[in-house]
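# Geometric and topological summary
Here is what each chain is made of, one letter per residue.
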2 protein chains.
Amino acid sequence: MALNCPIPISQYPHLLLAHGGGGRLMHNLIGQMFLQTFDNPLLQQQHDGAVMQFGETRLAFTTDSYVVRPLFFPGGNIGQLVVHGTVNDLAMCGARPLFLSLGLILEEGLPMETLWTIVQSIQASAEAAHVQVVTGDTKVVDAGKGDGIYINTAGIGILEHNLTIGPSSIQAGDAVLISGDIGRHGVAIMATRLDFETTIESDSAAVADDVLRLIAAGLEIHCLRDLTRGGLASALVELSQSAGLHIHIKERDVPILEEVQGVCEILGFDPLYVANEGRFIVILPAHHVEQALALLPDARLIGQVSDDKKGLVTLQSHIGATRIVDMLSGEQLPRIC
Amino acid sequence: MALNCPIPISQYPHLLLAHGGGGRLMHNLIGQMFLQTFDNPLLQQQHDGAVMQFGETRLAFTTDSYVVRPLFFPGGNIGQLVVHGTVNDLAMCGARPLFLSLGLILEEGLPMETLWTIVQSIQASAEAAHVQVVTGDTKVVDAGKGDGIYINTAGIGILEHNLTIGPSSIQAGDAVLISGDIGRHGVAIMATRLDFETTIESDSAAVADDVLRLIAAGLEIHCLRDLTRGGLASALVELSQSAGLHIHIKERDVPILEEVQGVCEILGFDPLYVANEGRFIVILPAHHVEQALALLPDARLIGQVSDDKKGLVTLQSHIGATRIVDMLSGEQLPRIC
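Residues numbered from 1 in each chain as written. Chains lettered and ligands numbered in written order. Predicted model: local features only at pLDDT ≥ 70, side-chain atom pairs only at ≥ 80, totals over all residues. Heavy atoms only, no water.

### Here we look at the interface of chain A and chain B
- With 88 residues of chain A at the contact, the number on the chain B side is 88 residues.
- Here chain A packs against chain B, burying approximately 7,500 Å² in sum over the two surfaces, 70% of which is carbon and sulfur.
- When the area that chain A buries against chain B is broken down by residue, the three leading residues are Leu15(A), Met112(A) and Trp116(A), summing to 11%.
- A salt bridge links Asp142(B) to Arg69(A), with the shortest nitrogen-to-oxygen separation between them at 3.7 Å. (Contact = heavy atoms within 4.5 Å. Buried area = accessible area lost by both parts, 1.4 Å probe. Salt bridge = Lys/Arg side-chain N within 4 Å of Asp/Glu carboxyl O.)

### So, the domain arrangement of chain A
All names here are of chain A.
- Taken domain by domain, chain A consists of domain 1 (47-159) and domain 2 (167-325).
- Put simply, the middle of domain 1 and the middle of domain 2, counted by C-alpha atoms, are 23 Å apart.
- Taken together, the contact pairs 23 residues of domain 1 with 25 residues of domain 2.
- Both faces considered, domain 1 and domain 2 share a buried interface measuring about 1,900 Å² in area, 61% of it formed by carbon and sulfur atoms.
- Looking at the side of domain 1 facing domain 2, the largest losses of area belong to Pro74, Asn88 and Met92, adding up to 28% of the total buried there.
- Viewed at the interface, domain 2 and domain 1 are joined by one salt bridge.
- One salt bridge in this structure joins Asp48 and Arg225, with 3.6 Å as the shortest N-O distance.
- Summed over the shared surface of domain 1 and domain 2, the result is eight residue pairs in polar contact (both at pLDDT 80 or more).
- It is helix α2 (residues 78-92) that provides the largest number of residues to the side of domain 1 that touches domain 2, a total of nine residues. (Domains from an automatic or database assignment. Polar contact = N/O pair within 3.5 Å; in protein donor to acceptor, adjacent residues only side chain to side chain. Helix = DSSP H or I, 4+ residues; strand = E, 2+ residues; numbered from the N terminus.)

### Section: the relation of the copies chain A and chain B
- Rotating chain A by 180° and translating it 0.0 Å along the rotation axis places it on chain B, where the RMSD comes to 0.0 Å. Here the two chains are linked by the operation of a two-fold rotation axis.
- Both copies present the same face, since 100% of the interface residues in chain A are matched by interface residues at the equivalent positions in chain B. (Least-squares fit on C-alpha atoms with pLDDT ≥ 70 in both.)

### Some words on the pairing of strand β10 (residues 246-250) of chain A
All names here are of chain A.
- Summarising burial for β10: four of the five residues are buried, a large majority.
- Bridge count between β10 and strand β13 (residues 313-316): four bridges; the pairing is parallel. Across the sheet, the residue bridging to Ile249 is Leu315, located in β13. (Buried < 20%, exposed > 50% of the residue type's maximum accessible area, 1.4 Å probe, protein only. Pairing = 2+ DSSP bridges.)

Take a look at the structure:
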């Protein structure tokens, strides 16, 4: 069994937590094991979802599992996350989210009231995001073989425009915007787990309405990417590599709440790598920046694309020095989403 | 929190394994908590997937999580199961399966070779079933918070006909066919877990080609249902309740391998409730039975639908007595798929 495993077994005989952390190890696992094995043009879009054509209709299809710990955190709970995360992945394809599936893996002994609270959050978030849970599945695993509840949602959305939104559409000269301040989801989770007092709440939110507003205004969006595990830095590195282009950003233009910055400094985290659940990057032609910023009041222009240093992300720091931004090998804190 | 929980908290303060067993407790959880909370017409189809219209195109959408233990069993492994199970749910909607999503929840410490073997099985099964894995997600949970690997697949298929296949189309006078012998998947898993020596292998198989053959022949199929957790009995009870009709079957017409019957007798299991992963029920007008049996050589006519005893399933036993077939409260053996 297991001939020619593409991950070097001598180096990684067993899965590490970092293989799910959104950094280089996960990137390699997905690239070397999954993308190569399941190789097909839709998967190779390497986007937040697959976009497929049915007659005149273009649909997006995506999936995410949620294993966040703790289940309830400042600003939300796993129920909101499973809606926002999947709705956002559809939005990143430029799709209007329509339908969700719901796969529950429940641990024996989970309090029934906890399940009920989460189920109600899922429904409230789905309603707010104009999506319907249309199909589902429920499994229960033995006590000690789960962690309360793991949830998978897959989603279907419809593309109501002719744009091709994805890494392959990114061009030199494009501008890079961020939709709002970064790091709040990760810091809220960290603070809860470490019993660290703070008023910071998760930024968990559905961003589809924001994206659809940009598209409705006729902006020529080249690429969208939501920031989750691995944060802003990992998302930019993924995009620069997929596009084979250079992304340069200025640290001082990246919006970070003072309190988030403060907690990160105390805990030794770099906010560029901290997870978000309601923030996304917009890459579009420079002449559309002004209009985009007018439509997204919390957004900021943080950088631009060039063909200088292909596949690299560079950052001009607060003190003016320029450094290369790389992926971490894993996540600074596991099980953030 | 958790006001008005529809499951009586005093009776079920915590989730039981049986809540995932495919029997009455699961049925109540889904009906009282999920169907009522997420209430919408697509979900209320109460079928193996939701069927939705996009312009001229009708698509089916379904999801399943797989938590089978052990991961490898006689006749297959979890990798085959995640393809067959979801492909079959699409087929039960009368759809040609096209696309799968793949959500992996991996436990820290899982041998890399195990993952690789399973990934290869998924791809081989997908190829054989003519479906593509087009989008995915990978999470890793801490050692002791999973059981090696849990997998969710969601699927999209296309309906290439005008039939409305589902419980609401079942009519009095319809015939009930089973596509082959029952109980092999459950017995193979049980035997492995109990270290019981047998040559029985799981029946895990993709059945979409069989279904598409019936449709292509112009048979007026009213309903399809694959047999998984809860076995033939639970599937029939679900259908009779959804349709509000009476299903009567004859025990002697239900095909069961002698060896499966033997193992069930020794272990004290009723094969009518044992899980399958490659068997399905076809409900269609009586005058189409002959043609259906000619197209499905392993199928058997096992019963018929009437409006005698609405919502009930009855069985004429080997000795000629008639009894009511009910759901078990849970599964005879948990984590069978």
